[in-house]
Amino acid sequence: MSHHGTTGIAAAPRDTERRELRRVAFATVIGTTIEWYDFFLYASAAGLVFGALFFEPAGSSIGTLLAFATVGISFLFRPLGAFLAGHFGDRIGRKAMLVVTLILMGGATTLIGLLPTYDQIGILAPVLLVLLRILQGLSTGGEWGGAVLMAVEHAPDGRRGRMGAFPQIGVPIGLLLASGVLALMTGVISPGDAFVEWGWRIPFLLSVVLIVVGIVVRRSVEESPVFLEIAEKKTAAKTPILTLFRKHWLLVLLAALTFAGNNAAGYMTTGGYLQNYATTPIADGGLVGMDRTPVLLAVAGASVVWLVCTFAAGAVSDRIGRRNTYIIGWVAFLATVFLLFPLVNTGSPWLLFLGVSLFAIGNGFTYGQQAAYFAELFPASIRYSGVSITYAIGAILGGAFAPTIATWLVQTTGTATSVAFYIAGVMLVAFAATLLLRDRTGIPLGPEHEEEQAVSPIYGISKA
């Protein structure tokens, strides 16, 4: 009898711990899924209809370039979002900032669904579109850092990669949802002209539902244990961002470059570029001329492969280290980058699916471990600022204008091979940056280990 009692007592905290971990995992997935559903929806709509609806006087090819430029504009505001959320996230907590960023993103997306077009209100239409896009950028810049720290700082030792993969898989789930909902609109509910007239609005308006879900879930989760310790010991940095740039600017740059390679490659599919490349009619200068719906379905299918590889990378990195997992990812990427466009150029939805799926392997294995990898690079007192700002800078260097550059390259050279060389170049820089950083898998994350965390992980530099 007493034997049962003791096991019951020992198991109880483990059960509550497990419940809390499940809640955190669910909350961070929901949050990043909502963020990225909104983000990809915009990018896909920019590739499919925004050129004609908001930049009509510019003509079709300049209109498309302008629509993609609005995808890039939000990236320029990500660092500001990262600065603000990083500062307050390190000062007042991870959780509060998460709820703020979610409401901001969902609100901006819903309003885009209600925007009048250029035909209805003239130049005010693209101006309002850009303003709402900027709000999306601010929110994305702050959201990621909070989500990954909630996941990684709650994780037991030896499972950080796996827990940190939860917010990461929100990205492929967001892409899957955005592509799926758009395919439903273009193929079933509002095919042809109806999609351009009103169908594109529905997926944006659906964000209202997601905001409510996100807030409910996020409010039920406890604050990160590392932040609670910082608050208790009163070791929060007064100006976390100044400390970050004074002591760790080179680390921020190198870590940002590791993310830039993944981001430039990822934005070929997620930034709406590939969707536009595959669906532009031959009559309008397109090279492939496929229908929208099979392309959206192929991308949605490939995002499942990306999801599986992303989660696998997080789990594998707990076993073999973050750095080795990255190396597998870069090799996979470089092996497939020159296959992607030849497969898309066949005009077959199945071969398009195959190309994007092969590409998704490298995408997952340079992304799943990123949450734990970034969290382990920075000291506790400036960690939110460190991961958020590094992520935002990496996104600008890699993905911000990748679709615009790719569109320009194809228009200039007449072939997508130039795009493959461009992406491969960015990947090689990221690969080199990865090799310059030591693996810190399993380093203690609490504020009492600040001294150990402050030792620079860059090869050849012994102290911060």
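In the nomenclature of an unreviewed UniProt entry, the protein chain is known as MHS family MFS transporter of Isoptericola peretonis. According to UniProt, the comment filed for the protein chain under the heading Subcellular location (unreviewed entry) is "Cell membrane".

## Here we look at the overall build of the protein chain
Along the backbone of the protein chain there are 21 helices and zero strands. For the protein chain, the C-alpha radius of gyration of 22 Å lies close to 23 Å, the compact-globule estimate for 464 residues. Based on the C-alpha atoms only, the size of the protein chain along its principal axes is roughly 75 × 50 × 45 Å. Looking at the protein chain as a whole, 58% of its 464 residues qualify as buried. About 17,400 Å² of surface is accessible on the protein chain, with carbon and sulfur atoms providing 70% of the total. Measuring between centres, the 29 positive side-chain charges of the protein chain sit 7 Å from its 26 negative side-chain charges.

## Quick look at the nonpolar core
Residues Phe50, Phe54, Trp200, Phe374 and Val419 are the most contacted members of the largest nonpolar core, which totals 114 residues. At 14 residues, helix H1 (residues 2-54) tops the list of elements feeding residues into this core. When neighbours within four sequence positions are excluded, Val419 is seen to be in contact with Met268, Tyr273, Phe341, Ala406, Leu409 and Val410. Listed in part, the ten residues of the second largest apolar core include Leu21, Leu98, Met150 and Ala155.

## Observations regarding the packing of helix H17 (residues 370-377) against helix H18 (residues 383-400)
Two elements in contact, H17 and H18, have axes separated by 9 Å at closest approach and are oriented at 125 degrees. Considering their axes alone, H17 and H18 lie oblique with respect to each other. As H17 packs across H18, the resulting crossing turns out to be right-handed. Together, Gln370, Phe374 and Ala375 of H17 and Arg383, Val387, Thr390 and Tyr391 of H18 make up the contact between the two elements.

## Describing the confidence of the model for the protein chain
Summarising the model, the protein chain shows a mean pLDDT of 86, and 95% of its residues fall at 70 or more. In the model, residues 1-12 has pLDDT below 50 throughout and makes zero contacts with residues more than four positions away in sequence or in other chains.

Calculation notes
Counting from 1, residues in each chain are numbered in the order their sequence is written. pLDDT decides what is reported in this predicted model: residues at 70 or higher carry local features, side-chain atom pairs at 80 or more are listed and counted, and totals for whole chains, interfaces and linings draw on all residues regardless. For the side-chain quantities, the full set of heavy atoms in the structure was used; hydrogens and water were omitted. UniProt positions are given in the numbering used here, feature names are shortened, and annotations may be inferred rather than shown by experiment. Working definition: helices are DSSP H or I runs of at least four residues, strands are E runs of at least two. Numbering for both runs from the N terminus. Here the globule rule reads 2.2 Å times residues to the power 0.38, and the radius of gyration is calculated from C-alpha atoms. For every residue, the accessible area obtained with a 1.4 Å probe (protein chains only) is divided by the maximum for its type, and the residue is called buried under 20%, exposed over 50%, and partly exposed between those limits. Only the protein chains shown count as covering a residue, and every accessible area follows the Shrake-Rupley method with a 1.4 Å probe. All tallies of charge rest on Lys and Arg as positive and Asp and Glu as negative; His and the ends of each chain are not included. In this description, the location of a charge corresponds to atom NZ of lysine, CZ of arginine, CG of aspartate or CD of glutamate. As used here, the term nonpolar core means buried Ala, Val, Leu, Ile, Met, Phe, Trp, Tyr and Cys residues forming a set that is joined through side-chain atoms within 4.5 Å. Whether two residues are in contact is decided by their heavy atoms, any of which lying within 4.5 Å being enough. Axis lines are fitted through C-alpha atoms, for helices just across the contact stretch, and the angle between N-to-C directions can take any value from 0 to 180 degrees. For classification purposes, an angle smaller than 35 degrees is called roughly parallel, one larger than 145 roughly antiparallel, one from 65 to 115 roughly perpendicular, and anything else oblique. A clockwise turn of the near helix away from the far one marks a right-handed crossing, whereas an anticlockwise turn of less than a right angle marks a left-handed crossing. A residue's pLDDT is the predictor's confidence in that residue, given on a scale from 0 to 100.

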